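Structural description and commentary
Next come the chains, spelled out residue by residue.
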Amino acid sequence: MACIRIQAGDFSVDQEWSALRERLDANAGAVAAFVGLVREVHGDSRSSLELEHYPGMTERSVEAIVAEAEQRWSLAAVTVIHRVGRLRPTDQIVLVLAASAHRSAALAACEFIIDRLKTDAIFWKRETAGDDTRWVQATDQDVERAKGWAGN
Amino acid sequence: MACIRIQAGDFSVDQEWSALRERLDANAGAVAAFVGLVREVHGDSRSSLELEHYPGMTERSVEAIVAEAEQRWSLAAVTVIHRVGRLRPTDQIVLVLAASAHRSAALAACEFIIDRLKTDAIFWKRETAGDDTRWVQATDQDVERAKGWAGN
Amino acid sequence: MIRVLFFASLREAVGMDAWTFSPDSAGSPPRLSSLLAALKPALEPDGYAALTAENVRIAVNQEFVDGAARIDLKPGDEVAFLPPVTGG
Amino acid sequence: MIRVLFFASLREAVGMDAWTFSPDSAGSPPRLSSLLAALKPALEPDGYAALTAENVRIAVNQEFVDGAARIDLKPGDEVAFLPPVTGG
């Protein structure tokens, strides 16, 4: 029931929302969504973000996260799209949609998936601003958020 | 920065998403969304839901919820649309969009708003299935979820 | 003249969505208690009981009021009886 | 022949994205330890240190392996060195 894609091109929230909605029956009362957007680095509008991945293994890392969400909550449908390649400030980078009968499951699953994408999905980000380029490190906060799910 | 509407007609997730995105600058990294859909009552596809409101006071009750969210979290933009009148299974009933620099604020604000809409916004739902019609009662679970925010 | 509104299950319990309260213009400022006293004979016992149930909230001019019975009213006010809400 | 892949900061640290390990066909089955031993002279000291840092994970055929040095390899395997991830 999950739609998972890793792609260089942009995605349309509208198309993904419509496609997900068509997979729902009249028992699905809630869809939670998350869209990640590229932020400027140090207020530099010409900064950029480059996302690297490991074709094959990255897809499976995302599938594993979604499978765990589907085990934890009763989900009617899930969509995860993650972009790779070079992105600019305000570009869409990631989309998560999670549908369930009730809002608590949809909201929790959406949050779980985006938290885990930060720490467990196989992507690497490099920020470039001016002459400065650096690989982004996972923040302690991200690691703590992801760990928080282990006890639930 | 908030867009709040109570309306009988349907809304377009696409249009609302596009309109919200235009209000964001390159510091907004996260948008969390929630869409509520009408569920069948007792598996009856011809069941319906009727939403009553108190024009004027209902709008202000939603504005108060959004204002509280804006006090708790640093939000770049918020959209809340709630429908009234007669709805059918699978119809869209409510939309919440919350944008912030970081995902934790966007996700928490979106969840806070939908939880409070359930308990503090001035709407009444009546379900009709076959010959049976009843006013929906707030569930203990909804009240507990809303109370949970008080301690945060 | 004070406009009184009933919503949702209360509208059905009292069998009307609005009612007009015209207090005695000679007396002291009308209160919610006098409004309820005037309303009581106009309703079936079930309707009056529904309006005065513990979980019913009262709004004056679209603001919730606590300890509502002692609130002073004035001409043009809008008083509403609201059963527990169920939005979202 | 075993294909070795380097990602992100490790790709830059070792200055290449892929390398081919051709173990001695006469010896015992090659292990990751023998792959690393063969790789070491091909790299600057900084590059080798980066590959063997504590937070680097190793995948064989796109599955993470623990206690990686003792893993047996076979011809056609794909070995990858992955620095800490930062998606989402």
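None of these values were measured; they are calculated from a predicted model.

Moving on, we get to the sheet that holds strand 4 (residues 75-83) of chain A. If you walk across this open sheet you meet the eight strands as 1(A)-4(A)-6(A)-2(A)-2(B)-6(B)-4(B)-1(B), and the pairing is mixed. Strands at the two margins of the open sheet, each flanked by one partner only, are strand 1 (2-7) of chain A together with strand 1 (2-7) of chain B. Direction aside, neighbouring strands of the sheet carry axes that sit 5° apart on average. As defined by bridge partners, strand 2 (residues 30-37) of chain A adjoins strand 6 (residues 92-100) of chain A across eight bridges and the pair is classed as antiparallel. What sits directly across from A:Gly36, in strand 6 of chain A, is A:Val94. Packed onto the sheet, helix 2 (residues 57-72) of chain A meets strand 1 and strand 4 of chain A and runs at close to 155° relative to strand 1 of chain A. The strands touched by helix 2 (residues 57-72) of chain B are strand 1 and strand 4 (75-83) of chain B; relative to strand 1 of chain B, the strand with the most contacts, the crossing angle is about 155°.

Contacts between the two partners involve 25 residues from chain B, matched on the other side by 20 residues from chain C. Its largest share of buried area at the contact with chain C, chain B owes to B:Tyr54, B:Met57 and B:Trp124, together 36% of the area lost on that side. For the pair chain B and chain C, the interface holds three salt bridges. Put simply, C:Glu12 and B:Arg126 hold a salt bridge, and the shortest N to O gap is 2.1 Å.

So, on to the relation of the copies chain A and chain B. Each copy of the sequence occupies a distinct position, and chain A is placed on chain B by a rotation of 180° and an axial shift of 0.0 Å, giving an RMSD of 0.0 Å. With respect to symmetry, the two chain copies, as superposed, fit the operation of a two-fold axis. In this assembly, 100% of the residues forming the interface of chain A have copies in chain B that are likewise at the interface, indicating an isologous arrangement.

Right, let's talk about empty space enclosed by the protein for a bit. What the rule picks out here adds up to three cavities of 30 Å³ or more. Estimates place the volume of the largest cavity at around 100 Å³. When grouped by side-chain class, the residues that make up the lining of the largest cavity number 13 nonpolar, no polar and no charged. Considering only enclosed or pocket space, the second largest cavity measures out at about 60 Å³ in volume. In terms of lining, the second largest cavity is formed by A:Ala32, A:Ala33, A:Leu107, A:Cys110, A:Glu111, B:Ala32, B:Ala33, B:Leu107, B:Cys110 and B:Glu111. Of all the secondary-structure elements, those providing two or more residues to the lining of the second largest cavity are strand 2 and helix 3 (103-120) of chain A together with strand 2 (30-37) and helix 3 (103-120) of chain B. Counted by class, the lining of the second largest cavity contains eight nonpolar, no polar and two charged residues.

On inspection of all chains with the given rule, the structure shows zero disulfides over all chains. With no disulfide of its own, B:Cys3 lies 14 Å from the sulfur of B:Cys110, the closest cysteine sulfur. B:Cys110 forms no disulfide, and the closest cysteine sulfur to it belongs to A:Cys110, at a distance of 8.2 Å.

To continue, consider the environment of A:Gly36. The topology assignment puts A:Gly36 in strand 2. A relative accessible area of 4% means that A:Gly36 is categorised as buried. Through-space distance from the C-alpha of A:Gly36 to that of A:Ile114 is 9.1 Å; in sequence the pair is 78 residues apart. Not counting residues within four places of it along the chain, the set of residues in contact with A:Gly36 comprises A:Asp91, A:Gln92, A:Ile93, A:Val94 and B:Gly29.

Considering every residue of chain C, the mean pLDDT works out to 90; 94% of them sit at 70 or more. For this predicted complex, the interface score ipTM comes out at 0.92, while the overall pTM is 0.93.

Strand-to-strand pairing in sheets goes through backbone hydrogen bonds, with the strands running parallel or antiparallel. Residues and elements named next belong to chain D. If you walk across this open sheet you meet the five strands as 2-1-5-3-4, and the pairing is mixed. Because the sheet does not close on itself, it has two edges, and the strands there are strand 2 (18-21) and strand 4 (63-65). Strand after strand, the sheet turns through a mean of 30° between neighbouring axes, direction not considered. Here strand 3 (residues 57-60) pairs with strand 4 via three bridges, running antiparallel. Paired with Val 60 across the strands is Glu 63, a residue of strand 4. Seen against the sheet, helix 2 (residues 32-39) touches strand 1 (2-6), strand 2, strand 3, strand 4 and strand 5 (78-82) and runs at an angle of roughly 115° to strand 2.

Parameters and conventions
Residues numbered from 1 in each chain as written. Chains lettered and ligands numbered in written order. Predicted model: local features only at pLDDT ≥ 70, side-chain atom pairs only at ≥ 80, totals over all residues. Heavy atoms only, no water. Pairing = 2+ DSSP bridges. Helix = DSSP H or I, 4+ residues; strand = E, 2+ residues; numbered from the N terminus. Axes fitted to C-alpha atoms, helices over the stretch in contact; angles between N-to-C directions. Contact = heavy atoms within 4.5 Å. Buried area = accessible area lost by both parts, 1.4 Å probe. Salt bridge = Lys/Arg side-chain N within 4 Å of Asp/Glu carboxyl O. Least-squares fit on C-alpha atoms with pLDDT ≥ 70 in both. 1 Å grid on protein atoms, 1.4 Å probe; cavity = no way out; pocket = protein on both sides within 12 Å on 5 of 7 lines; lining within 4 Å. Points joined across faces, edges and corners; volume = space filled by probe spheres on them. Nonpolar A, V, L, I, M, F, W, Y, C, P; charged D, E, K, R; others polar. Disulfide = S-S within 2.5 Å. Buried < 20%, exposed > 50% of the residue type's maximum accessible area, 1.4 Å probe, protein only. pLDDT = per-residue confidence, 0-100.

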